[in-house]
Structure formats: structure tokens, C-alpha cells
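Structural features, examined
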Amino acid sequence: MSSPHYTPEELMAVLISREVRDGERVGVGTLSPAVAAGCILAHHTHAPNATLAIWRFQEYWPFTEGMKEMFDLGQRGKVDLFFLSGAQIDQFGNTNLVAIGDYDRPKVRLPGGAGSGTLSYTVPRIILFQTSHSRRAFVEKVDFITATNDPPPNVYRRGKFNRCITPLAVLNFEGERPVLEAVNPGVTVQQVVENTGFPLVIPAPVPETPPPTDEELCVLRTVVKEKVQTVYPQFAAAAFRNED
Amino acid sequence: MGLPFLPVRGLIGTDYLRIRPDFQIIKNPYGDDDLVAIPAVKPDLLLMHAYRADRSGNVLTDKRESDPLLARAAEHVIATAEEIVPALEPEADKVIIPGIYIDAVVHLPGGAKPTACPGYYDIQDEEIRRYLQAARTPETFARYLEEFLA
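Remember, it's a predicted structure, so these values are computed and weren't measured experimentally. (Residues numbered from 1 in each chain as written. Chains lettered and ligands numbered in written order. Predicted model: local features only at pLDDT ≥ 70, side-chain atom pairs only at ≥ 80, totals over all residues. Heavy atoms only, no water.)

Next up on the list: the overall build of chain A. Along chain A, the regular secondary structure elements total seven helices and 12 strands. A compact globule built from 244 residues should have a C-alpha radius of gyration of about 18 Å, and chain A, at 17 Å, falls within 12% of that. Each principal axis of the C-alpha atoms in chain A carries an extent, and together these give about 50 × 50 × 35 Å. Residue burial in chain A is summarised as follows: out of 244 residues, 55% are buried. Considering only intrachain contacts with a sequence separation of at least 6, the fraction spanning at least 24 residues in chain A is 67%. As presented, chain A carries roughly 10,800 Å² of accessible surface, and 51% of it is formed by carbon and sulfur atoms. Distance from the positive charge centre (23 side chains) to the negative charge centre (27 side chains) of chain A: 5 Å. (Helix = DSSP H or I, 4+ residues; strand = E, 2+ residues; numbered from the N terminus. Rg over C-alpha atoms; globule rule 2.2 N^0.38 Å. Buried < 20%, exposed > 50% of the residue type's maximum accessible area, 1.4 Å probe, protein only. Contact = heavy atoms within 4.5 Å. Areas by Shrake-Rupley, 256 points an atom, 1.4 Å probe, with all protein chains shown as cover. Lys, Arg positive; Asp, Glu negative; His and termini not counted. Charge placed at Lys NZ, Arg CZ, Asp CG, Glu CD.)

Structure representation (C-alpha cells):
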């Protein structure tokens, strides 16, 4: 197997970008450089009429009063697409951004969920992402449910979480059991299974994600890189190959 | 807003309700769904750093920050600023917090260091790393604080 001509971060950004539909209002939270890159890529390719709200990006921040406005817009149901992650994601599609271990004596205290616990109910389409695909990241049961994929009845909820994008694969949490929806180029089903801490429903055959196109990589390494490095300079320096 | 709580959609089914018994599930009096009552956060004091402030106590901050909200929530507000000017003018991508919310303005250039103040100075990566190292134990942090304030 020859090594790919793109980095894992570039692949993630491309897969994220393909989720953005033209005309949508898209929210991106804190510490998500690959997601920010993906949304800006979409904006410069197939989704020029998307409205992006990307935390920390002056150019993509259509508000005047900080994060509260994004949360309020989301509570009103006017954010069409949001991206969520977790230090842990479990077989039910629940995410954890609060603590690893017991909450009162945590092994690791995480940044906290911010809008996870509210936006997940009122945004109609939520895409999960995980920048490292491992058994630490995909666990049987999260230590703390920050965002749930299965709230009790009698609660306003727009839908279940959609797919989860990782450097290895695309998982889907919409059904009863998590499904391996696709493997990324050059990745085997075996590799995904070995790095996932719960059983996956495996269709036969498992489709392969179409690899990044030359156009996607070119836009990513020029326009997108330039914008991302203003907010995430260390990520931009490591994530993007030079366009040659 | 001065209210004791606000109802929000969400959170039910997460562990937030387990660790926060003060978050209470209430019936929507105008609908059928359950909501969560979140008690108001009332800071005694907000310390914030602004780009500029003027003689009427108006302060100029960034549209990406939550300072306007915090200033309206806090009992008292002290704003430090890179510059003091006679009268603030509106600027693209920045917001003015009216002086009525501000108790005191302090001229403090460099007040955001070692983090960034866009247009004035960048984040000091090396200093942030030193802080993270020092913050690992109370002893090293106490020493760090002494040096930093010296």
C-alpha cells in the first residue's frame, strides 16, 4: 500500500466539508481546527452560500455578542448543522467532554461541554467527529454523558446524531447499533474493528470513502490554510502539505 | 435580566442533571415538553480587558468575546484597557459596552499578557508553556506568581 498524498487532518477536513450543504447555517465550536478547515473548504467549493459561524474566526463570526448568540440561534432551531466531538464516544453515540474516570475524582478533567448539552437537541443535523480513532476514544460506555444520543421521551429533540467522521472510517449512530458506514481510502475493516472499543454492524461489502480530489486538496492547501493559520497557527503548520 | 432562572431546552438525559441538583426539570406551562430550569449566574465582580476605554466609561471589546453579556450579569465591573481615549468611535468587528454597565476603568497596557490582545500583541507561547508547567503543583505555582508579579 503506497502512503497517501494527503495528511490525516486533510482527509478529515475533506470529509467534513462534504457534509456541508449549500445555503445552510453551520456552527463550529472551539478547538476544532479540522472542522473549521472543512467548513471553509466547503464554502470555497460546493457551498458558497453557506453561512459559517466558526468560533474565533473574525471573518466567519456573524454575531456581535460572543458565543451566547450562537447558542441562542441554535436553541431557536436556526443552526442547520453542528459538529460535536468527545474525548470519549460510546456505542450509543453519547459523547463525553467533561471528565475521564469518576466525576468527583477524575483522572482527567476535560474542558466541558459548552453547548453540547443544548445544541444537540435543537440542531436538526449533528455530525460527530473524532480526530483519533482508538479504543480510548471509542468506548463501550462514556464516563460522563455530556451529550446524549437517546434522550427520554417528553423532551424536545430534532433527531439522532448523524455519522461520525474519523481518520479511519465513517461510523453511523442513527440506528439501534453503530454501523461501519465506510472505511477511508487504504484502511481495512480489520483496522477499524481493532481500534474501536465496541462491536460494529459491518455491512458486506463496506464501501470505501472517495479519496480527496485534486481540487479539494488544492483549495485546502492555499485559501483554507491561509485562513486557518490566523487562528490555529500550530495546526496549520503541521496539517497541510505544500501544494506542488 | 434580574430573573432567578431561565428555562432551556436540552440537558435531560445527560449527566449534568446528576452533578447539578440545582438544575430542575420543569413542565413547559405553555406546551407539553419538559424543560430544565437553570439558576441565574450572578458574578459579584467582572474583571475584563478592553482594547480602549473613554472618559465616559464606555469600553471597546471584540465581537467574538462574551464581555457584553458578562458585564450585564455582574454586580460590579472593572475594565482594564490598552488605551484611554477622549471618546470611543464604533469600529468594524468590535463592540462598545456602554459605560452604564462599567464601574471603573483602569489604564493597563499589556493587561492581557501572556494571552493575546489582537492588534496590540500576540499570545506568548513560551510564557504559556512555562505557566502550564508551573501550575502542576501549588508550590511551583506560588513561585511563578511571585516572579510574574515582580
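Structure's up, so let's keep going.
The next point concerns the layout of surface pockets. One number sums up the size of the second largest pocket: a volume of about 1,400 Å³. As for the second largest pocket, its lining consists of 38 residues, and the residues nearest its centre are Arg56, Thr230 and Val231 of chain A together with Ala116 and Ile123 of chain B. Counting residues per element, the ones that place at least two in the lining of the second largest pocket are helix 6 (214-231) and helix 7 (233-239) of chain A together with strand 4 (45-54), strand 5 (59-62) and helix 3 (125-134) of chain B. It is helix 6 of chain A that contributes the most residues to the lining of the second largest pocket, five residues altogether. Looking at the lining of the second largest pocket, its residues break down into 18 nonpolar, eight polar and 12 charged. Here the lining of the second largest pocket gathers at least three residues from each of two domains, domain 2 (45-111) and domain 3 (112-150) of chain B. (1 Å grid on protein atoms, 1.4 Å probe; cavity = no way out; pocket = protein on both sides within 12 Å on 5 of 7 lines; lining within 4 Å. Points joined across faces, edges and corners; volume = space filled by probe spheres on them. Nonpolar A, V, L, I, M, F, W, Y, C, P; charged D, E, K, R; others polar. Domains from an automatic or database assignment.)

Turning our eyes to something else, we now look at the interface of chain B and chain A. Facing the 26 residues of chain B at the interface are 33 residues of chain A. Counting the surface lost from both chain B and chain A, the interface buries some 2,500 Å², and carbon and sulfur atoms represent 50% of this. Interface area lost by chain B to chain A is led by Arg9, Lys63 and Arg64 of chain B, which between them contribute 29%. Where chain B touches chain A, the interface holds two salt bridges. Elements with a contribution of two residues or more to the side of chain B that touches chain A: helix 1 (16-19) and helix 2 (67-73) of chain B. Taken together, the residues of the side of chain B that touches chain A sort by class into eight nonpolar, four polar and 14 charged. (Buried area = accessible area lost by both parts, 1.4 Å probe. Salt bridge = Lys/Arg side-chain N within 4 Å of Asp/Glu carboxyl O.)

Here we come to the environment of Phe71 of chain A. Residues and elements named next belong to chain A. Within the fold, Phe71 resides in helix 3 (residues 67-75). The exposure class assigned to Phe71 is partly exposed, which follows from its relative accessible area of 21%. When the C-alpha atoms of Phe71 and Ala114 are compared, they prove to be 9.2 Å apart, with 43 residues separating the residues in sequence. Other than its neighbours up to four places away in sequence, Phe71 contacts Ala114, Gly115 and Leu119.

Let us now look at the packing of aromatic side chains. In this structure the tally under the stated criterion is 13 aromatic pairs over all chains. The interplanar angle of 85° and the centroid separation of 6.1 Å between the aromatic rings of Phe138 of chain A and Phe198 of chain A together place this pair among those described as edge-to-face. Of this pair, Phe138 of chain A sits in strand 9 (residues 138-139) while Phe198 of chain A sits in the loop between helix 5 (189-194) and helix 6, and the two are 60 residues apart along the sequence. Seen from their ring centres, Phe173 of chain A and Phe198 of chain A are 6.2 Å apart, and the 65° between their planes marks the pair as edge-to-face. In this pair, Phe173 of chain A sits in the loop between strand 11 (169-172) and strand 12 (179-183) while Phe198 of chain A sits in the loop between helix 5 and helix 6, placing the two residues 25 residues apart along the sequence. Comparing Phe173 of chain A with Phe198 of chain A shows no difference in burial state: the two are buried. Its end group placed over the ring of Tyr156 of chain A, Arg9 of chain B keeps NZ or CZ at 4.0 Å from the ring centre. Over the ring of Tyr51 of chain B we find Lys94 of chain B, and its NZ or CZ is 4.9 Å from the ring centre. (Phe/Tyr/Trp six-rings, centres within 6.5 Å; stacked < 30°, edge-to-face > 60°. Lys NZ or Arg CZ within 6 Å of the ring centre and 35° of its normal.)

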